[in-house]
Each structure stands twice: as C-alpha cells, then as structure tokens.
Amino acid sequence: MTSMSRARVARRIAAGAAYGGGGIGLAGAAAVGLLLAEVQLARRRVGIGTPDRVPNAEGLYGGSLTTAVDAPLRLVMLGDSTAAGQGVHRAGQTPGALLASGLAAVAERPVELHSVAVPGARSDDLDRQVALVLIDPDRMPDVCVIMIGANDVTHRMPATRSVRHLSTAVRRLRTAGAEVVVGTCPDLGTIEPVPQPLRWLARRTSRQLAAAQTIGVVEQGGRTVSLGDLLGPEFAENPRELFGPDNYHPSAEGYATAAMAVLPSVCAALGLWPAEEERPDAARREGFLPVARAAAEAADEAGTEVAAAMPTGPRGPWALLKRRRRRRVSETEPATSAQRR
C-alpha cells in the first residue's frame, strides 16, 4: 500500500470513528475467513516462554533529585502487554521504568510512575483504564503514554471502533490536563511464527491502523510515535536479540529500543526538549503536512512523531512531522540508572 493510498484509508477510518461508522474492518471478511486456520496455528506457536507475571515497575524514579520546590512529575502507562512490559523479568526492563528513568534524568527532577496497562488489552479497555487514572482529582498525571493496537488487529476489531476508543481516551486525558503520547500499533508482520500470507496481511493492517490512530490522536490534542518500523526491520534483522523467548513480546533490549523512540516525544510534550530540536529540519524531511499524509508517512518509519500544528485548512487538519533522532540503547545508560524506591 502506497503512502497516499494509506492516507486515504486512514482518513476514512478516522472519519468513521468520529461520526459513528463501524463497518470498516481491519481486513476483508473473506480474506480473514481463508486465513483462520493459519491464525490458529500462529497463536499456538507464540506465547510459549512468556513470564506469567508482569514486573511491578511502579514507584519513584530519580529520588535523589527530590527538592523542596519540585514535586515529582507523574507519568502513567496505559495500554496492553507492550505498555505493561510483559516478557521481561525485572521491573527496570519495562518501558515504563525506562521512560521514567529517562524523563527524570532530562527533567532533573523525580518521576512517579503509575501503570494501568493490562496484557491482552484492546482499545475498548481504555475506557476502564482512563477511569482508573482519573479517579483521584488530586493526583492527575502530567503525561500519559499509551501503547495499544496489536490485540485489536489479532482479534479483528473494526478499525473505526478501535480508533474511536483511543480518541475518546486521549480527549478525556487531555481535558484533565495531561499530555498524551501514543505509541501506535506495532508491525505485526515481524512475528516469526506467523506464516505467509498472514504475515503480509498483519503488516498491512497494523500499519493501516497505526496511521488511523495517528489521525484520531492528533485531532484530540495528543501526539504519536510510530513503533511500526521500529519493530520491523530492526526486529527482523535481530529477532533473537529484540524478541523475547516467546518470539512475540519484545526482549529487554527490544523494550529499551522502543522506549528510547518514545522518550524524546514525552520530553517534548512537557516542554523539556531543546528548542532547536523542535524546529522542523528539511534535511530530515520534517515539516508541516496534512494530518492524513503525515500519519501515513509516520506509519512507514520508526520513531516518527506527529503532533497537531495548525488549524484546519482546505485539506483538513495539519500536523508537524518530526523524525526525532533515536539514541542507541548504550547512550541511555546514565538515564536508566536513576534511583527508584
């Protein structure tokens, strides 16, 4: 699917989500029917070796940075097993812990991490998760990171319904005063046990959903980071290093790679990134685009951020597309050493 055709499909899905449509699925019913046998086979072949217990990473990071003036920043993780960190054994290896540590180092103040993410969650569970986040008006988060979408694809949730639930979640969190960064649906075509043609279909539909998610999120005042290609070529080239023992969830290094793609956007959302980094760089093909086109381009390149930029124009809302430099895992070592208690 070309970038322009993906933009058209994503715009149609997002419009259906906004105006109550529900008939646009992630794949044709006939194609899904033909692939049911392969889906069942793939499901039996993944999931073996995954730790049942998700490490509890909640707590205070960068505790040594506490001052009488600065209260801790509040970071909340929402979403599915990727947001929760399923597949690793230690709390410090989860994306929430990595983001909290990195944010504490950049902000030079402590970060309090809370998570309501649940393995297996689909976008319709975000209603419940957001309610938990907003239950205490005296403890509103400063920034929320949502990672969701993979289970929507594997369970064939209609894309319009998926995007509608995500958009509603972002709107509720933004209304409460929280910044929101969404890691869009990863590229499921990289999962080793999934055979062709199901792998091709998984790649196509997950990227299609990621683009539609971006439109819905940006229109509600959030920003997105593409995880598709991040979990694509890099994972395909290094599956033993970046996938965990079940060949489905990321390994510790895989989560670190994903977290470091999201961290710059989290910092930018909170106004912590250097001003020169916020200006679009033409040499990196950054700039202002119609949101549907920006969403389609972001779905094809990892670490690409899309954020609202200007009012609606003749071709719809516009967005700023940023290809933020992703730091290597080794470059984040000082950040991940922040104290937790």
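Provided above is the structure to which this section pertains.
This report concerns the structure included in the present document. Computed from a predicted model, the values in this text were never measured in an experiment.

Procedures and definitions
- Residues numbered from 1 in each chain as written.
- Predicted model: local features only at pLDDT ≥ 70, side-chain atom pairs only at ≥ 80, totals over all residues.
- Heavy atoms only, no water.
- Core = buried A, V, L, I, M, F, W, Y, C linked by side-chain atoms within 4.5 Å.
- Buried < 20%, exposed > 50% of the residue type's maximum accessible area, 1.4 Å probe, protein only.
- Helix = DSSP H or I, 4+ residues; strand = E, 2+ residues; numbered from the N terminus.
- Contact = heavy atoms within 4.5 Å.
- Pairing = 2+ DSSP bridges.
- Polar contact = N/O pair within 3.5 Å; in protein donor to acceptor, adjacent residues only side chain to side chain.
- Expected span 1.5 Å × (residues − 1).
- Bend = angle between axes of the 7 residues up to and from the residue.

1. Topic: the nonpolar core
No. 1: Of all hydrophobic cores here, the largest spans 34 residues; its most connected members are Leu 75, Leu 99, Leu 103, Val 145 and Val 262.
No. 2: Of all the secondary structure elements, the ones that give two or more residues to this core are strand 2 (73-79), helix 3 (81-84), helix 4 (95-107), strand 3 (111-115), strand 4 (143-147) and helix 11 (252-269).
No. 3: For this core, the leading source of residues is helix 11, giving nine residues.
No. 4: Those residues within four positions of Val 262 in sequence are excluded, and the remaining contacts are Leu 99, Val 145, Met 147, Val 181, Val 225 and Leu 227.

2. Topic: the pairing of strand 3
No. 1: Pairing of strand 1 (residues 59-61) with strand 3, which is carried by three bridges, proceeds in the antiparallel orientation. When the sheet's bridge partners are listed, Gly 59 is paired in strand 3 with Leu 113.
No. 2: Bridge count between strand 2 and strand 3: five bridges; the pairing is parallel. Counted as the bridge partner of Val 76 is His 114 from strand 3.

3. Notes on unusual backbone geometry
No. 1: Unusually for a residue other than glycine, Glu 108 sits at a positive phi of about 55 degrees.
No. 2: The residue Glu 108 is located in the loop between helix 4 and strand 3 in this model.
No. 3: Positive phi, close to 55 degrees, is recorded for Arg 156, a residue that is not glycine.
No. 4: Structurally, the position occupied by Arg 156 is in the loop between helix 6 (150-154) and helix 7 (159-175).
No. 5: On the basis of relative accessibility, which here comes to 51%, the residue Arg 156 falls in the exposed class.

4. Examining the side chain of Gln 93
No. 1: If you trace the backbone, Gln 93 turns up in the loop between helix 3 and helix 4.
No. 2: Only 3.4 Å separates the side chain of Gln 93 from the backbone nitrogen of His 89, close enough to count as a polar contact.
No. 3: Look past the residues within four positions of Gln 93 in its chain and what remains in contact with it is Val 88, Leu 98, Ala 252 and Tyr 255.

5. Concerning helix 11
No. 1: Counted at 1.5 Å a residue, the expected span for helix 11 with its 18 residues is 26 Å, and the 25 Å between its end C-alpha atoms agrees.
No. 2: Where helix 11 bends most, at Val 262, the angle is about 30 degrees, and the proline Pro 264 comes one to four residues later.
No. 3: With 16 of 18 residues buried, helix 11 is to be regarded as a mostly interior element.
No. 4: A positive backbone phi angle near 75 degrees is found at Gly 271, which sits one or two residues after helix 11.

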